[in-house]
Amino acid sequence: VMMKRLIESPDKPTSVVADIKHFLLENADATSVSDLLAELFVADDGGQGGQLGVQLAGAEDASSSIVPLRFSVDVRTNSIFAVGGREALEVVEAVVARLDQSDIRQRKTEVYSLQNQPAADIANAVNTFLQSQRDLQQIDPDLVSPFEQIEREVIVVAEPSTNTLIVSATPRYYDEVMKMIETLDRPPEQVTVQALIVEVELNNTDEFGVELGFQDTVLFDRGTVASIETISETVQQGGNDQTITQNIISSEGVPGFNFNQPFLGNNTLGSVAFPASVGKQALSNFQMGRVNGDLGFGGLVLSAGSESINILLRALSENRRVEVLSRPMIQALHNQLGSIVVGQTFQQVNGLGAQNTLTGVSQPQLQERAVGIQLQVTPRVSPDGSITMEVVATKDGINPTRSIPIISDFQTGTTIDSPVIDTVTAQASVSVQDGQTIVLGGMISQSEGTIERKVPWLSDLPVLGTAFRFDSKTKSRSELLIFLTPRIMKTPEDYEEQKQVEAERMAFSIEKAEEISGPVMSLPEPDSEKKANEKPKAKKPEPKPMSRKKAPATEKPQKKTERGDEKKTGQLQDDDISRASMTTIGSDDLDTRNFALPKEIDGFEESVPSRPATMSPVRRFFRSLVP
């Protein structure tokens, strides 16, 4: 028996057999996976120590250690056929399932509609960020495999007409990209910037002077030549030469009361002129004149004259104060330029063109120039509530008295002048808290001038010296300050209160504007009032079981005699009317007469009056800006 068992034991069928398995891949490429499996499990030298199979944990059976693994690819079905030991094939199956787990070709595509920002700007920002990441990967390409490079590819395309983004990405990176886009598309803050430009000009002018003149009576008799009558005599000489001679027939003279005339005493044709006599004259000339050339008036002017004596006395005192208050206001979104210009435009000479070949005159080149009050601001709101602004405040105007000649035509005597522009500009980048007022810029200038014109020695005499001098003192002072106040507009109530404050400053009646365009002071109804105004849905009565008993008769409610406790049909209660639906209109308005509610005499009560408006912090802020 023992010998029989010894003979039967080695005579059993061998357990070293090869199995075959078929792997159908859904996501991965069969050829690439087969090459990777062959690199992992197939050795070129026939195995370690002459071993044909594989030595792996979990594949310790005889078949796996003796039978080598072989792989074949069916490209048509994207599948792999593997031959080897049973346990070795189980290990291969686990590896293939892991490789076929992720689908890099699966992408998620969505059309995202932007609410606040332009689609082109968002797409440009996201693509720039993704391109920067790709450039960083190129420093060491071995750190990122081709598989991960394909998985990281994100496509963002802008569609400007509908302001949408077309986003395509793998599920791994889709949520991250969409979160980035939603963050960039958050509603921007809106800032109201008010600038207050205060200008004050102070001028003080004092003048006093005396001019004296003494002369011989012969100069008074001669006077000045007012008109001369002449006759021309032409004499033809040999050839084409002509000689023209003008002979004086008569002349009319004017008495010389004013001694400071340059041609005084030139009329020597009169009967009392005495041309052979010497006329003597002595005077003090300070170019005082009867009128101040800058101011246009002379003040007190005393003048007296005879044939021998002439005197002129002028005294002037002027105090002038000019106050100019400008308050431009502009609203701008976060990091967006806001600009307002109030003024006028004119054509300013910017240069000269080519000369005309016929006239030889150069034509001026004109450029349009705007003058007035200009405010440009770009606000940026920080997370802590502070506002950083880039501000340019300009106030310029045409100087009415000064100009620069550009072109002069010597043939016609025409001169083209370019006006002088007086400009004040303040440009700065500042950081301000919400509602804080700062001084953006300012300048205070003061000038004093003194003019003394006098006759030496005589003007230094006590009391009498005043008759031989002219004194002028001018003092001017100009002050300019630019205030800036930004405020973040957070809720619709802020805009409504701003409209109310600005409307109260206008001289134009807001009621007249509402007659043309309808209600201006409109405020959206708050959500809390919407919920309060919503009537609760009536519940359907549940059906009651039929009963043979007769229901007791219900008593009719007694009518109340008091008028205040009675609710009439069609009457609106306080809870049924929201503040947003109330509009106060004058009693003489046409709409009031046409659409007035019935009075109590018609059986209806009057409309519910609106609640008095309370002074909020925003309104107090805007009122504080009024000087």
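Below, the structure is looked at part by part.

## Concerning the nonpolar core
Residues Val-193, Met-389, Val-391, Leu-440 and Leu-484 are the most contacted members of the largest nonpolar core, which totals 22 residues. At the level of secondary structure, the elements contributing two or more residues to this core comprise strand 7 (190-215), strand 15 (362-381), strand 16 (387-408), strand 17 (415-432), strand 18 (438-454) and strand 19 (469-489). What Met-389 contacts, discounting residues up to four positions off in sequence, is Val-193, Val-377, Thr-378, Pro-379, Ala-428, Ser-429, Val-430, Val-432, Leu-484 and Pro-486. Of all hydrophobic cores here, the second largest spans 16 residues; its members include Tyr-112, Ile-122, Val-154 and Val-156.

## A short note on helix 2 (residues 30-41)
For helix 2, which comprises twelve residues, the first-to-last C-alpha distance of 16 Å matches the rise-based estimate of 16 Å (1.5 Å per residue) to within 8%. Residues of helix 2 that are buried: Ala-30, Val-33, Ser-34, Leu-37 and Phe-41. For helix 2, the angular spread of the buried residues around the axis is 100 degrees, confining them to a single face. In helix 2, the exposed positions that point more than 90 degrees away from the buried face belong to Asp-35 and Glu-39.

## Points about the pattern of salt bridges
Any two side chains of opposite charge can pair, on the condition that their charged atoms come close. Throughout the structure, instances matching the rule amount to 15 salt bridges. Across the pair Glu-390 and Arg-380 runs a salt bridge whose closest N-O atoms are separated by 3.5 Å. Placement of Glu-390 in strand 16 and of Arg-380 in strand 15 is noted, with a sequence separation of ten residues between them. Its relative accessible area of 39% is what places Glu-390 among the partly exposed residues. We note a salt bridge from Lys-475 to Glu-448, for which the minimum N-O separation is 3.9 Å. In this pair, Lys-475 sits in strand 19 while Glu-448 sits in strand 18, placing the two residues 27 residues apart along the sequence. Residue classification places Lys-475 among the partly exposed residues on the basis of a relative accessible area of 42%. Given a relative accessible area of 60%, Glu-448 falls into the exposed group. Residues joined in a network through salt bridges with shared partners are Glu-452, Arg-469 and Asp-471.

Rules behind the numbers
- Every chain begins its residue count from 1, and numbering advances along the sequence as written.
- This being a predicted model, a pLDDT of at least 70 is required before a residue's local features are given, and a value of 80 or more before pairs of side-chain atoms are given or counted; all residues contribute to the totals for chains, interfaces and linings.
- As a rule here, side-chain values come from all non-hydrogen atoms in the structure, and water together with hydrogens is ignored.
- By convention a nonpolar core is built from buried Ala, Val, Leu, Ile, Met, Phe, Trp, Tyr and Cys residues, the set being connected through side-chain atoms within 4.5 Å.
- Summary of the burial criterion: residues with accessible area below 20% of their type's maximum are buried, those above 50% are exposed, and those between are partly exposed, where the area comes from a 1.4 Å probe applied to protein chains only.
- Secondary structure follows DSSP: runs of H or I at least 4 residues long count as helices, runs of E at least 2 residues long count as strands, and numbering of each begins at the N terminus.
- Contact criterion: two residues are considered in contact whenever any of their non-hydrogen atoms come within 4.5 Å of each other.
- For a helix, the expected span equals 1.5 Å multiplied by the residue count minus one.
- Within this analysis, the arc is defined by the directions that extend from the helix axis to the C-beta atoms.
- Salt bridge, as applied in this entry: a Lys or Arg side-chain nitrogen positioned within 4 Å of an Asp or Glu carboxyl oxygen.

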